[in-house]
Amino acid sequence: MTTSTPLAGLAARLAETACVNASFKLVNGTQLDTYFDEYRLAADPTLLHDVAAAMANLVPNDAQVLAGVELGGVPLVVALSAATGLPAVFLRRQPKRYGSRRQIEGAAIDGRRTVLVDDVVRSGGQLLNMARILRIAGAPVADALCVLERPLGGRSLLADQRVTLHSLLAEADLPSPRNGDAA
């Protein structure tokens, strides 16, 4: 990517706002020295709008529903739904223990081509689990979108299960964060 492209400018803004130099431990125990703080992205309305507008270009033409993964994918899917006009659903990791007791909230999905939306893809395990849940509920899932793809095997894992990953940016596209401000 050249620094003169609009996507390069967006990458620089994302790095400035949401990339943090600090120790970060993943669920699987892997230690990272930088991380993408999706809450900083979601808290900046202009940046969130611009990211959603750029991600709208990644949405497959035959998509009928967008599905945001708890928690980082929820603000993204709301903004992306507004940018595309497609309805949204919200996916919990576990069914709600009270009230509706649902794991999938929002628009109807049965038989509707559903695209997963999340902030960062690393190993791909979380998206794969969400794809399975949606498929069991009757939604065909063949695509997933993310803001940032880290090269930790997620693309391959998803492809093995017939889910194509569309990432707005790869980790290598982001300039280094300014300093070690931890979130």
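A few points on the structure. (Residues numbered from 1 in each chain as written. Predicted model: local features only at pLDDT ≥ 70, side-chain atom pairs only at ≥ 80, totals over all residues. Heavy atoms only, no water.)

Side note on the state of the cysteines
Moving on, step 1. Overall, the coordinates contain zero disulfides when judged by the stated rule.
Moving on, step 2. There is no disulfide at Cys-19, and the cysteine sulfur nearest it, in Cys-146, is 13 Å away.
Moving on, step 3. For Cys-19, a relative accessible area of 11% puts it in the buried group.
Moving on, step 4. Assessed through its relative accessible area of 0%, Cys-146 is described here as buried. (Disulfide = S-S within 2.5 Å. Buried < 20%, exposed > 50% of the residue type's maximum accessible area, 1.4 Å probe, protein only.)

Concerning the pattern of salt bridges
Moving on, step 1. Per the stated rule, a full pass over the model turns up eight salt bridges.
Moving on, step 2. Residue Arg-92 pairs with Glu-105 through a salt bridge whose shortest N-O separation is 3.0 Å. On the criterion of sequence distance, the pair formed by Arg-92 in the loop between strand 4 (88-91) and strand 5 (104-106) and Glu-105 in strand 5 is long-range, its members being 13 residues apart.
Moving on, step 3. Residue Glu-171 is joined to Arg-150 by a salt bridge in which the shortest nitrogen-to-oxygen separation is 2.6 Å. Here Glu-171 is found in the segment after strand 8 (164-170), whereas its partner Arg-150 is found in the loop between strand 7 (141-149) and helix 6 (154-160), with 21 residues between them in sequence.
Moving on, step 4. Judged by its relative accessible area of 27%, Glu-171 falls in the partly exposed class.
Moving on, step 5. Here the salt bridges do not stand alone but share partners, grouping Asp-62, Arg-113 and Asp-143 into one network. (Salt bridge = Lys/Arg side-chain N within 4 Å of Asp/Glu carboxyl O. Helix = DSSP H or I, 4+ residues; strand = E, 2+ residues; numbered from the N terminus.)

Some words on the layout of surface pockets
Moving on, step 1. In this structure, the largest pocket encloses a volume near 760 Å³.
Moving on, step 2. Forming the boundary of the largest pocket are 28 residues, of which Leu-26, Val-27, Arg-93, Arg-122 and Gln-126 lie nearest the centre.
Moving on, step 3. Breaking the lining of the largest pocket down by element, the ones donating at least two residues are strand 1 (19-25), strand 2 (31-36), helix 2 (38-42), strand 6 (114-121) and helix 5 (125-136).
Moving on, step 4. The element that contributes the greatest number of residues to the lining of the largest pocket is helix 5, accounting for five residues.
Moving on, step 5. Tallied by class, residues from the lining of the largest pocket come to twelve nonpolar, eight polar and eight charged. (1 Å grid on protein atoms, 1.4 Å probe; cavity = no way out; pocket = protein on both sides within 12 Å on 5 of 7 lines; lining within 4 Å. Points joined across faces, edges and corners; volume = space filled by probe spheres on them. Nonpolar A, V, L, I, M, F, W, Y, C, P; charged D, E, K, R; others polar.)

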